[in-house]
Amino acid sequence: MSTLNDVVINKLSGGLGRRTPEQDMVSGLLFDGETTGEFEADKVERLASLEDAKDFGITEDNDLNGQSVYYQVQQFFRLNPSGDLYIMKTAANSYEDIAGKAFDMQQKANGNIRQMAIIYSGATTFEDTQDAVAVAQTQAELAFADYMPFEVILEGKGFDRNDVPSLAGKSANVSVVVAMDVKKAEKYPNSAAVGLALGAVSKAKVSENIAWIEKFNLTGEGFSQAGFVGGEEIKTLSQLRELNDNRFIFARTHTGLAGIYFNDSSTCTADTSDFAYIENNRTINKATRLLRTALLPKLTSPVLVDIDGKLPQSVSKSFEGLCRSALEGMVANQEVSAFDVYVDPKQNILATSELKIKAEITPIGTARKITVDLGFKNPFGIDKA
């Protein structure tokens, strides 16, 4: 069918760079290398779009000698055009070295980063990746202790499908991504699509799994064919199950459905841990920040006690109310199912100068498996035959 000649105008969105006030999407990319020399080393810069990255000399032409900065930034903003991305370039002689700069980057970003991807351009084996996991975990623990928690996402550099050790024993709230577009593997032979994962995490509510099929189709420019670091394709379900059980994050397809999707949101710890998945950690991290912000103004404040040295009901309920107000927004946004806060009035604050508060949150569940009992039915009934 022919069409009339015309001038077609397509209305685009996002050019003004307006940001969403929600801070959960604020992310970081830590990398090494000298090919992007338009900004100072060890200085944090903030990007609101891929165009901002190009202003700093981050272009595809500069992704050389193992570096994948442009690719990671491009994939981040493709998945989440509204995302905020801090970047920092630093010198590093190993994967461990650069992982050891994560807390420093978070401090320079004033604690604003909620999730961070770390990439390294040098020659690396998978043993180096495992060592980097341990270093990254230490960095995340330092940040949590200083009330600026963040998630860490690492490339599974040196990945070998014939030697797939389990990451469950690392006891680390760090994720390892081995997903890569097969068609990009020639240019990026030892890189993983951590920018893609970072974009998905930043787009998700803190309670959402990045493997949610309805929301996170990964297909697009720069990721059109599911594969692994090095460009390998693993097609058997048994191999995919092994990778999944061993706590790797990879991309996969589903029979009967178009698109490419993450398998899960695992961290490098046992699946029985409370913090076995990214959404568990993001949920507790957000609650941590909210509660501290609510309670900080009360630090070193006077606290009345009754004649027995106990806390009056008005004092207990006042502190409980502060915490409830901080967490109610997470319930309204369907980031937690429920929560409970309790201040024991019998605590001896006169002796300890410490006010203890117990807060518990009920997380949102994840339908990792859906089971349907399906069979035939004879409406006539056997007893009527």
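This text follows the structure it describes.
Only a predicted model underlies this, so the values are computations on that prediction, with no experimental measurement involved.

(A) View of the overall build of the protein. Tallying secondary structure elements over the protein gives 10 helices and 12 strands in all. If one aligns the C-alpha atoms of the protein with their principal axes, the spans along those axes are about 85 × 85 × 55 Å. Within the protein, the fraction of its 385 residues that count as buried is 45%. Put simply, 71% of the contacts in the protein that link residues at least 6 apart link residues at least 24 apart. Total accessible area on the protein stands at roughly 20,200 Å², and carbon and sulfur atoms take up 50% of it.

(B) The arrangement of the sheet that holds strand β1 (residues 26-31) in detail. Taken in spatial order, the 6 strands of this open sheet run β2-β3-β1-β4-β5-β6, and their pairing is mixed. Of all strands in the sheet, those bounded by a partner on one side alone are β2 (45-47) and β6 (174-177). For this sheet, the mean inter-axis angle between neighbouring strands, taken without regard to orientation, is 25°. Sheet analysis places β2 next to strand β3 (residues 84-89), joined by 3 bridges and oriented antiparallel. Looking at the pairing, Arg46 lines up with Tyr86 of β3. Sitting on the sheet, helix α5 (residues 126-145) is in contact with β5 (151-155) and β6, with an inclination near 165° to β5. Its contacts with the sheet place helix α8 (residues 278-295) against β4 (115-118), β5 and β6, and it is angled at close to 150° to β5.

(C) Molecular detail of the packing of aromatic side chains. Evaluated as defined, the whole model comprises 7 aromatic pairs. Taking the centre distance of 5.7 Å and the plane angle of 35° together, the rings of Phe126 and Phe248 count as tilted. Note that Phe126 is positioned in helix α5 and Phe248 in the loop between α7 (237-245) and β9 (251-254), a separation of 122 residues in sequence. A cation sits over an aromatic face here: Arg247 above Tyr277, 4.9 Å from the ring centre.

(D) Seen up close, a negative patch on the surface. Taken together, Glu96, Asp97, Glu127, Asp131, Asp160 and Asp163 make up a surface patch of like negative charges. Residue assignment for the negative patch shows that the elements contributing at least two residues are α3 (95-99) and α5. Residue placement: Asp97 occurs in helix α3. The exposure class of Asp97 is partly exposed, given its relative accessible area of 36%.

(E) Here's a closer look at unusual backbone geometry. Its identity is not glycine, yet Asn65 carries a phi of approximately 55°, on the positive side. With respect to the secondary-structure elements, Asn65 resides in the loop between α1 (50-55) and α2 (69-79). In this model, Ser171 sits at a positive phi of 50°, which is unusual for a non-glycine residue. Judged by relative accessible area, Ser171 falls into the exposed class, the value being 52%.

(F) How the structure looks around helix α6 (residues 194-203). With 9 of its 10 residues buried, α6 lies for the most part within the structure. Buried residues of α6: Val194, Gly195, Leu196, Ala197, Leu198, Gly199, Ala200, Val201 and Ser202, and no others.

(G) How the structure looks around the pairing of β1. Within β1, 6 of the 6 residues are buried, which leaves it mostly tucked inside the rest of the structure. Burial along β1 is two-sided: the residues Val26, Gly28 and Leu30 and Ser27, Leu29 and Phe31 are all buried. One ladder, built from 6 bridges, connects β1 with β3; its direction is parallel. When the bridges of β3 are listed, Leu30 appears paired with Met88. Note: β1 against β4, 4 bridges, orientation parallel. Paired with Gly28 across the bridge in β4 is Met116.

(H) Structural view of the pattern of salt bridges. Within the structure shown, the criterion is met by 13 salt bridges. The salt bridge partner of Lys43 is Glu45, with a shortest N-O separation of 3.7 Å. Its salt-bridge partner being Asp340, residue Arg324 comes within 3.5 Å of it at the nearest N-O pair. One end of the pair, Arg324, is in helix α9 (residues 313-332); the other, Asp340, is in strand β11 (residues 336-342), with 16 residues separating them in the sequence. The class for Asp340 is partly exposed, based on a relative accessible area of 39%. Where salt bridges share partners, they join Asp24, Lys286 and Glu335 into one cluster.

How each quantity is defined
Within any chain, residue numbers begin from 1 and follow the written order of that chain's sequence. Reporting in this predicted model follows two pLDDT cut-offs: at least 70 for local features of residues, and 80 or more for side-chain atom pairs to be given and counted; totals over whole chains, interfaces and linings ignore these cut-offs and use all residues. Hydrogen atoms and water are omitted, and side-chain values are computed over all heavy atoms in the structure. Under the scheme used here, helices are H or I runs from DSSP no shorter than 4 residues and strands are E runs no shorter than 2 residues, and both carry numbers assigned from the N terminus. Relative accessibility decides the category of a residue: with a 1.4 Å probe and only protein chains considered, values under 20% of the type maximum give buried, values over 50% give exposed, and everything between is partly exposed. Between two residues, a contact is recorded if the distance between any of their heavy atoms is within 4.5 Å. Here the accessible surface of atoms and residues is derived via Shrake-Rupley with a 1.4 Å probe, and residues count as covered only by protein chains that are part of the display. Any two strands with at least two DSSP-identified bridges between them are counted as paired. The angle between two axes is taken between their N-to-C directions and runs from 0 to 180 degrees, where each axis is a line fitted to C-alpha atoms and a helix contributes only its stretch in contact. What counts as a ring pair is set by centres within 6.5 Å for rings of Phe, Tyr and Trp (its six-membered ring), and what kind of pair is set by the plane angle: stacked under 30 degrees, edge-to-face over 60, tilted for all other angles. Lysine and arginine charges are scored as sitting over a ring when NZ or CZ, respectively, is within 6 Å of the ring centre and within 35 degrees of the ring normal. Each patch is built from residues lacking any salt bridge and having more than 30% relative accessible area; the joining distance is 9 Å for like charges and 5 Å for nonpolar side chains (Val, Leu, Ile, Met, Phe, Trp, Tyr). By salt bridge we mean one thing: a side-chain nitrogen of Lys or Arg within 4 Å of a carboxyl oxygen of Asp or Glu. Only four residue types enter the tally: Lys and Arg on the positive side, Asp and Glu on the negative side; His and the chain ends are excluded. The location of each charge is read from NZ of Lys, CZ of Arg, CG of Asp or CD of Glu.

Nothing here speaks to function; it is all geometry.
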